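# Per-entry structural report
The primary structure of each chain is shown beneath.
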Amino acid sequence: MPTGQPQRTRMLFLGDAVLGEGFRLIGFEVYPDPDEEQLEQVLGELVDAGQNAYVVVSQELGKRHCPMLERIRSEGGRIVISGVPPLHDPNRFHCALDQRIESLLGDSLAAEKH
């Protein structure tokens with residue numbers, strides 16, 4: 001890559017095909033209804049190529065066992081992973097930060113929710 005040229009950040013969505021159409025409209029590369037193998041492959045290609053990327057994964061896909069996803073999350077840096085709730089049930093969305101806050105605040109947070 002020539003010096004002084006900023007590296008393009010790829011934007012990818014991996015998840016529900018219907019939700020993916022919205023991401024496609026705003027310029028994301030879309031991988032509809034991927035399985036764990038395809039998720040691992042796509043993320044591995046990003047890591048191997050040394051590319052900057054913003055990757056949005058469906059909440060359900062983000063919960064599956066994927067060593068490359070876990071590696072990227074633990075390393076941080078040029079690949080940012082974000083989750084998105086299911087289209088049919090957006091209130092079911094929870095991120096890893098929610099779990100950490102709940103573990104710190106414990107029962108007091110659960111009591112405030114009800």
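Keep in mind it's a predicted model, so treat the numbers as computed, not measured. (Residues numbered from 1 in each chain as written. Predicted model: local features only at pLDDT ≥ 70, side-chain atom pairs only at ≥ 80, totals over all residues. Heavy atoms only, no water.)

## Regarding the packing of aromatic side chains
Condition: Each pair of aromatic rings taken from Phe, Tyr and Trp, with Trp reduced to its six-membered ring, is defined by centres within 6.5 Å and is described as stacked if the planes are under 30 degrees apart, edge-to-face if over 60, and tilted in the remaining cases. Only DSSP runs of H or I covering at least 4 residues are called helices, and only runs of E covering at least 2 are called strands; the numbering of each starts at the N terminus. Buried residues are those whose accessible area, probed at 1.4 Å on protein chains only, stays under 20% of the maximum for their type, while exposed residues exceed 50% and partly exposed ones sit between those limits.
In the structure shown here, the tally under the stated rule is three aromatic pairs. Note on Phe13 and Phe23: the rings are 4.5 Å apart at their centroids and 10° apart in plane angle, and the pair reads as stacked. Remark: Phe23 occurs in helix H1 (residues 17-25) and Phe13 occurs in strand E1 (residues 9-15); sequence separation between them is 10 residues. For Phe13, a relative accessible area of 0% translates into the label buried. A ring pair is formed by Phe23 and Phe28, whose centres lie 5.0 Å apart and whose planes are at 80°; its orientation type is edge-to-face. Across the pair, exposure class does not vary: Phe23 and Phe28 are buried alike.

## Observations regarding the pairing of E1
Rules: A pair of strands is treated as paired once DSSP finds two or more bridges between them.
The buried fraction of E1 is high, at five of seven residues. When E1 meets strand E3 (residues 52-58), the two strands line up parallel, connected through six bridges. Counterpart to Leu12 in the pairing with E3 is Val55. Bridge count for E1 against strand E2 (residues 29-32) is four bridges, and the pairing is parallel.

## Description of the confidence of the model for the protein chain
Which entries qualify depends on this criterion: For every residue, the pLDDT score states the predictor's confidence, bounded by 0 at the bottom and 100 at the top.
Per-residue confidence for the protein chain averages 80 on the pLDDT scale, and 71% of its residues sit at or above 70. Mean pLDDT across the secondary structure elements of the protein chain bottoms out at helix H6 (residues 107-113), with 52, and peaks at E2, with 96.

## Re the pattern of salt bridges
Under the convention used in this document: By salt bridge we mean one thing: a side-chain nitrogen of Lys or Arg within 4 Å of a carboxyl oxygen of Asp or Glu.
Under the definition given, this model contains four salt bridges. The closest approach of N and O atoms between Arg64 and Glu36, which form a salt bridge, is 3.7 Å. Pair noted here: Arg64 is in the loop between helix H3 (59-63) and helix H4 (67-75) and Glu36 is in helix H2 (residues 36-49), with a separation of 28 residues, a long-range link. Among the residues examined, Arg64 registers a relative accessible area of 35% and is labelled partly exposed. Take Glu36: its relative accessible area is 34%, and that puts it in the partly exposed class.

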